[in-house]
Amino acid sequence: MPLSKRIFDILFSVLALVILSPVLLLTAMLIRIFLGIPVIFRQQRPGYKGQPFHIYKFRTMTDRLGPDGRLLPDAERLTPLGRFLRSLSIDEFPELFNILRGDMSLVGPRPLLMEYLPLYSPEQARRHDVVPGLTGWAQINGRNATDWPDRLAMDVWYVDHWSFWLDIRILLMTFWKALKREGVNQPGQATVEYFKGNPPANSSHTGRPS
């Protein structure tokens, strides 16, 4: 990671944590009251070069199990409070601690699931050539409402076109998108559909928004 990017990440994250501390405390209290413990959702995700790290988010779902002993679908476990937190991206705020640790950056491809790693094409796997981010190029160009091939192509486009000023542009656009609550879910999904790999004849995606 370029030194200028790392310094900016640290300064911005410290400032954000100070400013957002009342929101963080209130959110933690609400989750504790309505969902119980744990308040923080912790999950292993792939970071730079696919190396695993633990991401931190505010918990938005229950742990309800079906008759088979497996977790119920996201739509049945996502609570009204969780839906509200996701709509404003408040559930993502604990990732500021990941940024301070160096696991993540403010801007970069979102860290997805470990089980996706063997499903990427060699081109899509280049999204891991940079540190994952709290927000990214795909997040300001459709977020979860965009299909997987386009989202992954945008991640690779960011890898190839990174600059400090591109990061600033993405951060500014992220604030605007969060206020408008755009692209939180994929159509017909409570959250986002799982990536199942690429179709045999995948069309060409440049990563540029249409």
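Residues numbered from 1 in each chain as written. Predicted model: local features only at pLDDT ≥ 70, side-chain atom pairs only at ≥ 80, totals over all residues. Heavy atoms only, no water.

Chemist: Provide a residue-level description of the packing of helix H1 (residues 3-34) against helix H6 (residues 164-180), including the pertinent values.
Modeler: Contact geometry of H1 with H6 gives a least axis separation of 11 Å together with a crossing angle of 30°. Between H1 and H6, the angle falls in the class roughly parallel. Every pair of crossing elements has a handedness; the one defined by H1 and H6 is right-handed. Packed against H1, whose contacting residues are Lys5, Phe8 and Phe12, the element H6 presents Phe164, Asp167, Ile168, Leu171 and Phe175 at the interface. For the contact of H1 with H6, a count of residues per class yields six nonpolar, no polar and two charged. (Axes fitted to C-alpha atoms, helices over the stretch in contact; angles between N-to-C directions. Helix = DSSP H or I, 4+ residues; strand = E, 2+ residues; numbered from the N terminus. Parallel < 35°, antiparallel > 145°, perpendicular 65-115°, else oblique. Left-handed = near helix turned anticlockwise from the far one by under 90°. Contact = heavy atoms within 4.5 Å. Nonpolar A, V, L, I, M, F, W, Y, C, P; charged D, E, K, R; others polar.)

Chemist: Explain helix H5 (residues 148-161) to me, using residue names and the numbers behind them.
Modeler: Here H5 is 14 residues long and its end C-alpha atoms lie 20 Å apart, about the 20 Å a rise of 1.5 Å per residue gives. The buried fraction of H5 is high, at 11 of 14 residues. N-cap assignment for H5: the residue whose side-chain oxygen lies 3.0 Å from the backbone N of Asp150 is Asp147. (Expected span 1.5 Å × (residues − 1). Buried < 20%, exposed > 50% of the residue type's maximum accessible area, 1.4 Å probe, protein only. Polar contact = N/O pair within 3.5 Å; in protein donor to acceptor, adjacent residues only side chain to side chain.)

Chemist: Before we move on, could you go through the pattern of salt bridges and cite the residues and values that matter?
Modeler: Throughout the structure, instances matching the rule amount to 12 salt bridges. The closest approach of N and O atoms between Lys57 and Glu92, which form a salt bridge, is 3.7 Å. Of this pair, Lys57 sits in strand E2 (residues 52-58) while Glu92 sits in the loop between helix H3 (80-87) and helix H4 (95-101), and the two are 35 residues apart along the sequence. With a closest N to O distance of 2.9 Å, Asp103 and Arg101 form a salt bridge. (Salt bridge = Lys/Arg side-chain N within 4 Å of Asp/Glu carboxyl O.)

Chemist: Give me the lowdown on the side chain of Asp155, citing residues and values where you can.
Modeler: With respect to the secondary-structure elements, Asp155 resides in helix H5. Leave out the neighbours within four places in its chain, and Asp155 touches Pro109, Arg127 and Ala138.

Chemist: I'd like a rundown of empty space enclosed by the protein, residues and numbers included.
Modeler: For the coordinates displayed, the defined rule picks out one cavity of 30 Å³ or more. The volume enclosed by the largest cavity comes to roughly 50 Å³. Broken down by secondary-structure element, the contributors of at least two residues to the lining of the largest cavity are H1, strand E3 (105-107) and H6. (1 Å grid on protein atoms, 1.4 Å probe; cavity = no way out; pocket = protein on both sides within 12 Å on 5 of 7 lines; lining within 4 Å. Points joined across faces, edges and corners; volume = space filled by probe spheres on them.)

Chemist: Before we move on, could you go through the nonpolar core and cite the residues and values that matter?
Modeler: Core analysis: the biggest nonpolar cluster contains 27 residues, and Ile31, Trp137 and Ile170 have the highest contact counts within it. Taken together, the elements giving at least two residues each to this core come down to H1, E2, H3, H4, E3, H5 and H6. With four residues, H1 is the largest single contributor of residues to this core. If near-sequence neighbours (up to four positions away) are discounted, Ile31 is found in contact with Gly36, Val39, Phe58, Arg59, Leu81 and Leu85. Counting seven residues, the second largest nonpolar core, distinct from the first, contains Leu112, Leu113, Tyr116 and Trp148. (Core = buried A, V, L, I, M, F, W, Y, C linked by side-chain atoms within 4.5 Å.)

Chemist: Give a detailed account of unusual backbone geometry, specifying residues and quantitative values.
Modeler: For the bond running from Ile37 to Pro38, omega is 0°, close enough to zero to count as cis. With respect to the helices and strands, the residue Pro38 is situated in the loop between H1 and strand E1 (40-46). A positive phi angle, close to 60°, is found at Lys49, a residue other than glycine. For Lys49, the location among the structural elements is in the loop between E1 and E2. A positive phi angle is found at Ser89, which is not glycine, with a value near 65°. Positionally, Ser89 belongs in the loop between H3 and H4. Given a relative accessible area of 15%, Ser89 falls into the buried group.

Chemist: Let's hear about a nonpolar patch on the surface: which residues, and what values?
Modeler: A grouping of Ile10, Val14, Leu15, Val18 and Ile19 is seen on the molecular surface, where their side chains present a nonpolar patch of about 450 Å² in accessible area. With respect to the helices, strands and loops of the structure, Val14 is situated in helix H1. (Patch = residues over 30% accessible without salt bridge, like charges linked within 9 Å, V, L, I, M, F, W, Y side chains within 5 Å. Areas by Shrake-Rupley, 256 points an atom, 1.4 Å probe, with all protein chains shown as cover.)

Chemist: An account of the side chain of Asn141 is requested, with residue identities and associated values reported.
Modeler: Tracing the chain through its elements places Asn141 in the loop between strand E4 (133-135) and H5. A polar contact of 2.8 Å, which involves the side chain of Asn141, links it to the backbone oxygen of Trp137.

Chemist: Got a sec to walk through the packing of aromatic side chains? Specific residues and values, please.
Modeler: Tallying each qualifying case throughout the model produces eight aromatic pairs. On the basis of an interplanar angle of 75° and a centroid distance of 5.7 Å, the ring pair of Tyr116 and Phe195 is categorised as edge-to-face. Here Tyr116 is found in the loop between E3 and E4, whereas its partner Phe195 is found in the segment after H6, with 79 residues between them in sequence. For Phe195, a relative accessible area of 5% corresponds to the buried category. Between the aromatic rings of Trp148 and Phe195, the centroid separation amounts to 5.4 Å while the plane-to-plane angle is 55°, which identifies the pairing as tilted. Separated by 47 residues along the polypeptide, Trp148 in helix H5 and Phe195 in the segment after H6 bring together distant segments of the chain. By the burial criterion, Trp148 is buried, and Phe195 matches it. Feature note: the residues Phe8, Phe12, Phe164 and Trp165 constitute an aromatic cluster, connected by ring pairs. One cation-aromatic arrangement involves Arg151 over Trp148; the distance from NZ or CZ to the ring centre is 4.3 Å. (Phe/Tyr/Trp six-rings, centres within 6.5 Å; stacked < 30°, edge-to-face > 60°. Lys NZ or Arg CZ within 6 Å of the ring centre and 35° of its normal.)

None of this, on its own, says anything about what the molecule does.
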